[in-house]
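Below, each chain spelled out in residue letters.
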Amino acid sequence: MSTPAVESREIELAGQRVGYTLRRSVRKTLGLRIDHRGLTVGVPLRVGLGEVESFIRKHAGWVVDTLQARPASPPAEPLAPCDGVEIPVLGKPWRLRLARGGNRVVWHEGFEQGGSGPVLELALRSGGNARGLLLKALQQRGLELFRNRVEEYCLRLGRPAPPVSLSSARTRWGSCSSRSGIRLHWRLIHLPLPLIDYVVAHEVAHLVEMNHSPKFWSVVETLYPDHAAARRALRQAGAALPVL
């Protein structure tokens, strides 16, 4: 009987059952990939299951952490930025107001008379792109905040702050590179500050340990002691975020 080219299997990692897709091909090496569909393990045709599972367990820390940290799959229908709709910013609802203007954004931080909370005003030219203007506003505010929080956590760690840029990655909230610095998903701006700080602390810790070893988690513990609870909360909160 021939070995199936694609199989759905499970393995126990860190006390939990993790499903994965085993994909056999003419490739010469073993590899792991995590995306919105989950974990895929690519292996050469003749590699046995024992070797496959040994390979996965060798990278168990990365697999479990990446699966838990990835943003949830977005809903099929994106949110339309229309007058009166609410958008979360730092965990609080902001009401959108569409007005006529020169394609600029006004953040009304305080409560307005007759309103229910802060207002984000999109002053659009005739035929203007409300979605594009809203994205730009959220991303600008996010980048300013993220740079500030990275500087704060680098100061705690006694490290110089690296360059900070935005990401739109489908499966990761953040990344850290010795060459390009720290990249943070712009959608984090929707979340409460403590959850943003967990992601920042996680990526800043990579400036010391570019892995997910016990030493790495020790650095995270120093920067953000309640990181395990924050990681769980991030997963839940990410599933409820709007998609623009």
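Refer to the structure printed above.
Residues numbered from 1 in each chain as written. Predicted model: local features only at pLDDT ≥ 70, side-chain atom pairs only at ≥ 80, totals over all residues. Heavy atoms only, no water.

(A) Structural view of the packing of helix α4 (residues 193–205) against helix α6 (residues 227–238). Packing of α4 against α6 leaves a shortest axis separation of 10 Å and a crossing angle of 115°. Once α4 is placed against α6, the crossing between them reads as left-handed. Packed against α4, whose contacting residues are Leu195, Tyr198 and Val199, the element α6 presents His227, Ala230, Arg231, Ala233, Leu234 and Ala237 at the interface. Of the residues in the contact of α4 with α6, the class split is seven nonpolar, one polar and one charged. (Axes fitted to C-alpha atoms, helices over the stretch in contact; angles between N-to-C directions. Helix = DSSP H or I, 4+ residues; strand = E, 2+ residues; numbered from the N terminus. Left-handed = near helix turned anticlockwise from the far one by under 90°. Contact = heavy atoms within 4.5 Å. Nonpolar A, V, L, I, M, F, W, Y, C, P; charged D, E, K, R; others polar.)

(B) Representation of the nonpolar core in the model. Counting residues in hydrophobic clusters, the biggest one holds 48 residues, and the most contacted among them are Leu134, Leu138, Phe146, Val150, Leu184, Leu188 and Val204. For this core, the elements supplying multiple residues, two or more each, are β5 (86–89), β6 (92–100), β8 (119–124), α3 (130–157), β11 (181–185), α4, α5 (214–223) and α6. Looking at which element gives the most residues to this core, the answer is α3, with 12 residues. Every residue in contact with Leu138, bar those within four places of it in the chain, is listed here: Ile87, Val89, Trp107, Trp186, Ile189, His190 and Leu244. Core analysis: the second largest hydrophobic core is formed by 16 residues, Val18, Tyr20, Leu39 and Ile56 among them. (Core = buried A, V, L, I, M, F, W, Y, C linked by side-chain atoms within 4.5 Å. Buried < 20%, exposed > 50% of the residue type's maximum accessible area, 1.4 Å probe, protein only.)

(C) Main features of the pattern of salt bridges. One pass over the structure, following the stated rule, counts nine salt bridges. Salt-bridge contacts for Glu53 lead to Arg57; the nearest nitrogen and oxygen are separated by 3.7 Å. Of this pair, Glu53 and Arg57 both sit in helix α1 (residues 49–58), four residues apart, which is roughly one turn of that helix. Residue Arg57 is classed as partly exposed on the basis of its relative accessible area of 44%. (Salt bridge = Lys/Arg side-chain N within 4 Å of Asp/Glu carboxyl O.)

(D) Fine view of the packing of aromatic side chains. Considering all chains together, one arrives at three aromatic pairs under this definition. Pairing Trp94 with Trp107 gives two aromatic rings, centres 5.1 Å apart and planes at 80°, and the pair type is edge-to-face. Note that Trp94 is positioned in strand β6 and Trp107 in strand β7 (residues 104–108), a separation of 13 residues in sequence. Aromatic pair Tyr198 and Tyr224: ring centres 5.9 Å apart, planes at 70°, arrangement edge-to-face. Of this pair, Tyr198 sits in helix α4 while Tyr224 sits in the loop between α5 and α6; the two residues are 26 residues apart in sequence, bridging distant segments of the chain. Here the basic side chain of Arg141 rests over the ring of Trp107, its NZ or CZ set 3.8 Å away from the ring centre. Lying over the aromatic face of Tyr153, Arg156 brings its terminal NZ or CZ to 4.2 Å of the ring centre. (Phe/Tyr/Trp six-rings, centres within 6.5 Å; stacked < 30°, edge-to-face > 60°. Lys NZ or Arg CZ within 6 Å of the ring centre and 35° of its normal.)

As far as function goes, none of this settles anything; it's purely spatial.
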